[in-house]
Each structure stands twice: as C-alpha cells, then as structure tokens.
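Here's the letter readout for the chains.
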Amino acid sequence: MRIGLYQNNPTFGEVEKNVADAVNTISELSADLLVLPELFNTGYQFLSRNEAASLAEEIPGGFTCRAMMKLAKEKKMHIVFGVAERKGDFVYNSAAVVGPSGFVGLYRKTHLFDEEKLLFDPGDTGFRVWNIGGATIGVMICFDWFFPESARILSLLGADIICHPANLVLPYCQYAMPVRCLENRVFSITANRTGTEKRGGKKLLTYTGNSLIVDPTGQVLKALNGTGVGTIVLEVDPKKAKDKRVTTRNDLFEDRRPSLYGPLMQ
Ligand code: ACM
C-alpha cells in the first residue's frame, strides 16, 4: 500500500488558493492514502470564534470537502485532511476522510490546544476508525498526540495506520510519534505545516514542519524538513500492524490489565 503526506504552508484565509495548491501537488502523486495538515485550507491563527466560523465549512457539503472528494475520485485514493467545520451554531476543528466513492467519515478534535479553546467547540465524535480496503485507518488531530489515550484507543479499535493532521508549534511531537507507534505497533502519518503566523497582535506562531511517517517498530521511515512544502509517498505493508507481539510470551494488547487501570477512567 502506498501511503503519504502533503506538508504545506497555507496563506491565511485564502481557501481557494490553499486548496488549489494542494490539488495541484496531489494530482502529481500516486498513492492509496494521503494525509494533509490540520486546517490546511484556512491557516491556523484565527482572531476570534466569529472568524473561525466564517471560514468554517459544512462537511461534506462545503467547498473544500467537495474539492477533495473530486480529487480522491480522480486519483483513486483516500485523503484525510483537516478543516474548520461548521455544524449549526457549532464550530469544530475537524478532519474528514474521503475516498474514490465519496465521503467516508469525520473526526472532531478531542483535545483542543491553547487558544483553540476560545475558537472551537470540543469534539464530540470520539475516536473512530475506517476500513479503506487494505488497511484500517484512524484519525487524531495535532495536540491529541500528547494524550497517549488517543493513539491507544485508535489502535484498540483496530487502526493499522494513524492519520495525524497537525499544525505543531511545540517541539515534542516528532520525537513522541515513534513511541506512540512502538507502544501500539501501528504506522503513523503526521502531516504538519511550516511557516509562521502573527495576526492581529497575537503572538508569533512558528510551525515546525518535519512531517513524518513512522512504522510499528518506531522507526521513522521518512521525514521532511522544518521549512517549505513537500510530499512523502512510500510503500508499506499495513499487515505488520496486526502483530502486537514483543516476545513469545508478550503481546502488547493481550498483556494489558484494564482491571488495574481504573484511574484512567476518572
Ligand atoms: C495543535 O494542536 N495545533 C498544536
């Protein structure tokens, strides 16, 4: 299976341009599964909830999702992308999954980061997985990585590949994803953005790029630089994620002791 990512540096608010840039780049690629960054079409640093709402779109009816569905059909690939979602009076930091047959599913970010708490409603979907033929994928968005429960739940639900749209501003995630993959024996695709934003007197945000794909042994298969735009596509065998054994006596999932994990549920 050919999996990959697109790392971008969107221009804030220029949705049509940002989507066109993504479409032009992805049109040149051959892949079965491609992951795009969080909020790839709008940029990240909204000044207010109203601004976020005005740039948010319905899923799957909005401009961006329709463009991605058309692309997924033409390219016969699955695409996971981050987008601000408007649903009635609610605004979510969401990711959509689309494929050759159209809309597949939606995830709304569970763990909102910093000022996102002023802009978005906390996600209400919980963690979800989808079988896309050849692999089961799950989605988490950016700061969700900081909570090991996110990757664990997706893996327990059967995800072989964790698709991870991101707009990372802290320096830790790229070091942590190999551990997330190792402890769950899954692949991950972290699609991050680059560049900076400093809007409306707010603090400068520097996005760290270094988008990466990690395998179930925690090995970084490929990573991009911390600046610029770029893509990765590589071949993997998702079945490797089915084997949770560490030794002949240890299976990472069968050895779990949930009856002793009560504090996790508090
Ligand atoms: C983040 O969750 N965008 C840092």
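See the structure above.
Because the structure is a prediction, the values reported are computed rather than measured.

For the rest of this paragraph, the subject is the overall build of the protein. Counting its secondary structure elements, the protein contains six helices and 16 strands. A compact globule built from 266 residues would reach a C-alpha radius of gyration of about 18 Å, and the protein, at 18 Å, matches this within 12%. By residue count, 55% of the 266 residues in the protein fall in the buried class. Restricting the contact set of the protein to residue pairs at least 6 apart, pairs at least 24 apart contribute 68%. When the accessible surface of the protein is split by element, carbon and sulfur atoms take 53% of a total near 11,900 Å². Across the protein, the 31 positively charged side chains and the 29 negatively charged ones have centroids separated by 3 Å.

Here six strands make up an open sheet; going across it, the order is β5-β4-β3-β2-β1-β14 and the pairing mixed. The two strands at the open ends of the sheet, each matched to only one other strand, are β5 (102-108) and β14 (230-235). Geometrically, the sheet is characterised by an average inter-axis angle of 30° between neighbouring strands, direction not taken into account. Note: strand β3 (residues 78-87) against strand β4 (residues 90-99), nine bridges, orientation antiparallel. The residue of β4 that forms the bridge with R86 is V91. Lying on the sheet, helix α3 (residues 63-75) is in contact with β3, β4 and β5; it crosses β4 at an angle near 10°.

Moving on: the pattern of salt bridges. Any two side chains of opposite charge can pair, given that their charged atoms come close. Counted under the stated rule, the structure contains 15 salt bridges. Between K242 and D160 there is a salt bridge whose closest N-O contact spans 2.7 Å. Highlighted residues: K242 in the loop between β14 and β15 (245-247) and D160 in the loop between α5 (148-156) and β8 (161-165), separated in sequence by 82 residues. Judged by its relative accessible area of 4%, D160 is buried. One salt bridge connects D243 with R245, and the closest N-O pair in it is separated by 3.1 Å. Overlapping salt bridges, with partners in common, bring together E38, K109 and E116 in one network.

Rules of the game
Residues numbered from 1 in each chain as written. Predicted model: local features only at pLDDT ≥ 70, side-chain atom pairs only at ≥ 80, totals over all residues. Heavy atoms only, no water. Helix = DSSP H or I, 4+ residues; strand = E, 2+ residues; numbered from the N terminus. Rg over C-alpha atoms; globule rule 2.2 N^0.38 Å. Buried < 20%, exposed > 50% of the residue type's maximum accessible area, 1.4 Å probe, protein only. Contact = heavy atoms within 4.5 Å. Areas by Shrake-Rupley, 256 points an atom, 1.4 Å probe, with all protein chains shown as cover. Lys, Arg positive; Asp, Glu negative; His and termini not counted. Charge placed at Lys NZ, Arg CZ, Asp CG, Glu CD. Pairing = 2+ DSSP bridges. Axes fitted to C-alpha atoms, helices over the stretch in contact; angles between N-to-C directions. Salt bridge = Lys/Arg side-chain N within 4 Å of Asp/Glu carboxyl O.

Don't take any of this as a statement about function, it's just geometry.
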